[in-house]
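Overview (structure and organization)
Read off the chains here:
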Amino acid sequence: MQNQLSIFNTLTRTKEKFEPIHKGMVGVYVCGPTVYSDVHLGNCRTFISFDLIYRYLLHLGFKVRYVRNITDAGHLEGDRDEGDDKFAKKAKLEQLEPMEIVQKYTLGFHDVMREFNTLPPSIEPTATGHICEQIEMIKEIIANGYAYEIKGTVYFDVEKYNKEFPYGQLTNRKLEDLLEGTRELSGQDEKRGRLDFALWIAAKEETLMKWPSPWGWGFPGWHIECSAMSNKYLGETFDIHGGGMDLQATHHTNEIAQSQACNHKAPVKYWMHTNMLTVNGVRMSKTAGNGFLPGELFTGNHPLLEKGYSPMAVRFFMMQTHYRSTLDFSNEALQASEKGYARLITSIKTIDNLKTSAASTSNIKELEKACYAAMNDDFNAPILVASLFEGARIINSVNDNKETITAEDLALLKKLMHSFVFDVLGLKSETSNSSADKALQGAMEVILEIRKDIKAKKDYAASDKLRDDLNKHNIQIKDTKDGPVWSVSE
Ligand code: AMP
Ligand code: ZN
């Protein structure tokens, strides 16, 4: 192992050496999307943050089992087991089967993740594919005395659980405080305790997605799927569990309770929560109506956007803020990221042209140490980016003959820039390498040569016609001080 990883533990806030629980494999579970609608940029921030963590663990040489689920059932509109089923509601609205809704938005989610160059998880389990596992877990929790059934619905008994385990540990809150913030039970409530939550929910006549169970036809509560699937694929205890900060107080708190009540063990060593993407200080969300879609961002087709931004510029924008800090969306920040991203990629392309010397003016080994130190300190990508900009500065200075570099240092710098920019930050060069693009590139070089000849003969009418004809095919030519450049408009 190249480096020892220390992770800042968000639960205990202590630094310690990172040792995988199961020797030779790091287990990571991240709560995935609820696939009843398109993912917005806020959701993407969370998944891109965990992609960075996954990539860095792989870069360090760990074998990682990265499980990111798809929530495709059991998600009611209210956090407290009330309201309509989100999938059934959307299915009615779009006049589709609930599983058509699931398929449509799962495919859309995969497309977006691919655009952002995120690595696919090792396993992507679905809630509907693990109903048996969830039922088995609920049976075990009932047998252990932490859950009860009323009219086909099974509730988790929070107050009983809290007598033995600190229920609010993840947010450092006592049960009394949590009770105070929860509304009193009404005559219509079946559950015994105000904080009790459903593990299994009895189906109504009209419920579309339902399964048979020991308690009759019903469907799982939202939280049990993650306990059942993480337990199945990563074991009773595993290393890292992640999700957005908004999942901490309810979903993850309940996951701990379920797993502990079932297996008599705390399920997770490190809880990692990403902070929210905000727009003018307000959390981006489906309900707030400020959640623009990645597609809108790429085309610029949204009132909040001054123009379109490429997926890699957006990814780089996200890398420039630590995952635990809020990130406020702004056109200025994205435009700065666009430039920063271009600066890094251009410098990497320049590396191969550099001349080497007998001595180096910069300390590349120190730069390498700084990159690892940043990422080993709770995956501090913004600090890493600062070091990579320093790398880009050195490359440009050597290229301008203002600094020198040895062959050995140049090889190290090249490896460093490639591995951190491409493998760890997950950026890629956006110039396409397809054979069609290469052919277009070649054809344009030929055309620009012909145009040069026409201009040399002062045949301006022919040169204008050439420009206008290319324009009809969305190709623009601009004359700059460095010669003509061409681009394709959307
Ligand atoms: P959902 O599809 O609503 O279950 O959300 C998927 C993931 O996105 C969860 O981990 C959420 O915590 C996360 N998420 C939701 N809104 C935001 C936001 N504005 N910024 C960052 N992450 C978010
Ligand atoms: Zn979850």
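Cut-offs used in this document
Residues numbered from 1 in each chain as written. Chains lettered and ligands numbered in written order. Predicted model: local features only at pLDDT ≥ 70, side-chain atom pairs only at ≥ 80, totals over all residues. Heavy atoms only, no water. Helix = DSSP H or I, 4+ residues; strand = E, 2+ residues; numbered from the N terminus. Buried < 20%, exposed > 50% of the residue type's maximum accessible area, 1.4 Å probe, protein only. Expected span 1.5 Å × (residues − 1). Phe/Tyr/Trp six-rings, centres within 6.5 Å; stacked < 30°, edge-to-face > 60°. Salt bridge = Lys/Arg side-chain N within 4 Å of Asp/Glu carboxyl O. Pairing = 2+ DSSP bridges. Axes fitted to C-alpha atoms, helices over the stretch in contact; angles between N-to-C directions. Contact = heavy atoms within 4.5 Å. Near = heavy atom within 4 Å. Polar contact = N/O pair within 3.5 Å; in protein donor to acceptor, adjacent residues only side chain to side chain. Areas by Shrake-Rupley, 256 points an atom, 1.4 Å probe, with all protein chains shown as cover. Right-handed = clockwise from strand over helix to strand, strands pointing away. Parallel < 35°, antiparallel > 145°, perpendicular 65-115°, else oblique. Left-handed = near helix turned anticlockwise from the far one by under 90°. Nonpolar A, V, L, I, M, F, W, Y, C, P; charged D, E, K, R; others polar. Disulfide = S-S within 2.5 Å. Domains from an automatic or database assignment.

**Observations regarding unusual backbone geometry**
We note that Lys151 has phi near 45 degrees; this positive angle belongs to a residue other than glycine. In this fold, Lys151 is placed in the loop between strand 5 (147–150) and strand 6 (153–156). The phi dihedral of Asn172 is positive, around 55 degrees, even though this residue is not glycine. In this structure Asn172 comes out as exposed when scored by relative accessible area, which is 68%.

**Regarding helix 8 (residues 248–263)**
When the terminal C-alpha atoms of helix 8 are compared, their 21 Å separation across 16 residues agrees well with the 22 Å that a helix rising 1.5 Å per residue should span. Of all 16 residues in helix 8, 15 are buried; the element is thus mostly enclosed. His264 sits one or two positions beyond helix 8 and adopts a positive phi of about 60 degrees.

**Details of the packing of aromatic side chains**
What the rule picks out here adds up to 17 aromatic pairs. Ring centres of Trp200 and Trp215 lie 5.9 Å apart, and the angle between their planes is 55 degrees; this geometry places the pair in the tilted category. With Trp200 in strand 7 (residues 197–202) and Trp215 in the loop between strand 7 and strand 8 (218–220), this residue pair connects regions lying 15 residues apart in the sequence. Residue Trp200 shares its accessibility class with Trp215, and that shared class is buried. On the numbers, 5.1 Å between centres and 75 degrees between planes, the contact of Tyr372 with Phe420 is edge-to-face.

**Observations concerning the pattern of salt bridges**
Oppositely charged side chains can form a pair if their charged atoms are brought close together. Under the defined criterion, the tally for this structure stands at 25 salt bridges. A salt bridge links Lys452 to Glu449, with the shortest nitrogen-to-oxygen separation between them at 3.9 Å. Highlighted residues: Lys452 and Glu449, both in helix 15 (residues 435–456), separated by three residues, approximately one helical turn. For Glu449, a relative accessible area of 46% corresponds to the partly exposed category. Between Asp468 and Arg467 there is a salt bridge, and its shortest N-O distance comes to 3.4 Å.

**A look at the sheet that holds strand 5**
Neighbouring strands of a sheet are bound in pairs by backbone hydrogen bonds; such pairs are parallel or else antiparallel. Taking strand neighbours across the sheet as the criterion, the four strands line up as 5-6-7-8 in an open arrangement whose pairing is antiparallel. The sheet is open, and its two edges are formed by strand 5 and strand 8, each paired on a single side. Neighbouring strand axes in the sheet, compared pairwise and without regard to direction, differ in orientation by 20 degrees on average. The strands touched by helix 4 (residues 131–143) within the sheet are strand 5, strand 6, strand 7 and strand 8, with strand 7 carrying the most contacts at an inclination of about 120 degrees.

**Some words on the site of ligand 1**
Every one of the 17 residues lining ligand 1 counts as a neighbour, but Thr34, Thr46, Asp246, Leu277 and Met284 are closest to it. Measuring from an oxygen atom of ligand 1, one finds a side-chain N or O atom of Asn43 at 3.1 Å. Contacts to ligand 1 include Arg283, whose side-chain N or O atom sits 3.4 Å from a nitrogen atom. In isolation ligand 1 exposes 490 Å². Once the protein is present, 92% of that is buried. Among the secondary structure elements, those contributing two or more residues to the shell around ligand 1 are helix 1 (41–59) and strand 9 (238–244).

**Re the pairing of strand 4 (residues 64–68)**
Across the five residues that make up strand 4, a large majority, four, are buried. Across five bridges, the pairing between strand 3 (residues 26–30) and strand 4 is parallel. Pairing of Tyr29 across the sheet is with Val67, part of strand 4. This β-α-β element, strand 3 to helix 1 to strand 4, shows right-handed connectivity.

**What to know about the packing of helix 7 (residues 224–234) against helix 8**
It is at 8 Å that the axes of helix 7 and helix 8 come closest, and there the two elements cross at 55 degrees. Comparing their axes, helix 8 and helix 7 come out oblique. Judged by the sense of rotation from one axis to the other, the crossing of helix 7 with helix 8 is right-handed. In this structure, helix 7 contributes Ile224, Cys226, Ser227 and Asn231 to the contact, and helix 8 contributes His251, Glu255, Gln258, Ser259 and Asn263. Residue composition of the contact of helix 7 with helix 8, by class: two nonpolar, six polar and one charged.

**As for the sheet that holds strand 11 (residues 277–279)**
Pairing is mixed across the open sheet formed by three strands, whose spatial order is 12-11-13. Of all strands in the sheet, those with a lone pairing partner are strand 12 (282–283) and strand 13 (327–329), marking the two edges. Direction of pairing for strand 11 relative to strand 13: parallel, over a ladder of three bridges. Across the sheet, the residue bridging to Val279 is Phe329, located in strand 13.

**Observations regarding the environment of Gly129**
Along the chain, Gly129 falls in the loop between helix 3 (98–115) and helix 4. Residues Gly129 and Ile70, spaced 59 residues apart in sequence, show a C-alpha to C-alpha distance of 9.9 Å.

**Focus: the environment of Thr321**
Locating Thr321 in the fold gives a position in the loop between helix 10 (311–319) and strand 13. It is 8.4 Å that separates the C-alpha atoms of Thr321 and Asn380, two residues lying 59 residues apart in sequence. If we ignore the near neighbours within four places in the chain, the residues touching Thr321 are Arg45, Thr326, Leu327 and Pro382.

**Describing the state of the cysteines**
Under the defined criterion, the tally for this structure stands at zero disulfides. Considering cysteine sulfurs only, Cys31 is the nearest to Cys44, which forms no disulfide, with 16 Å between them.

**Focus on the domain arrangement of the protein chain**
Reports often express the size of an interface as the amount of accessible area lost when the parts come together. Domain boundaries assigned for the protein chain yield domain 1 (2–274), domain 2 (278–424) and domain 3 (435–488). Centre-to-centre separation of domain 1 and domain 3, based on C-alpha positions: 56 Å.

**A look at the pairing of strand 10 (residues 268–274)**
Within strand 10, six of the seven residues are buried, leaving the element largely enclosed by the surrounding structure. Pairing between strand 9 and strand 10: six bridges, direction parallel. The partner of His241 across the bridge, within strand 10, is Trp271. Crossover handedness for the path strand 9 to helix 8 to strand 10: right-handed.

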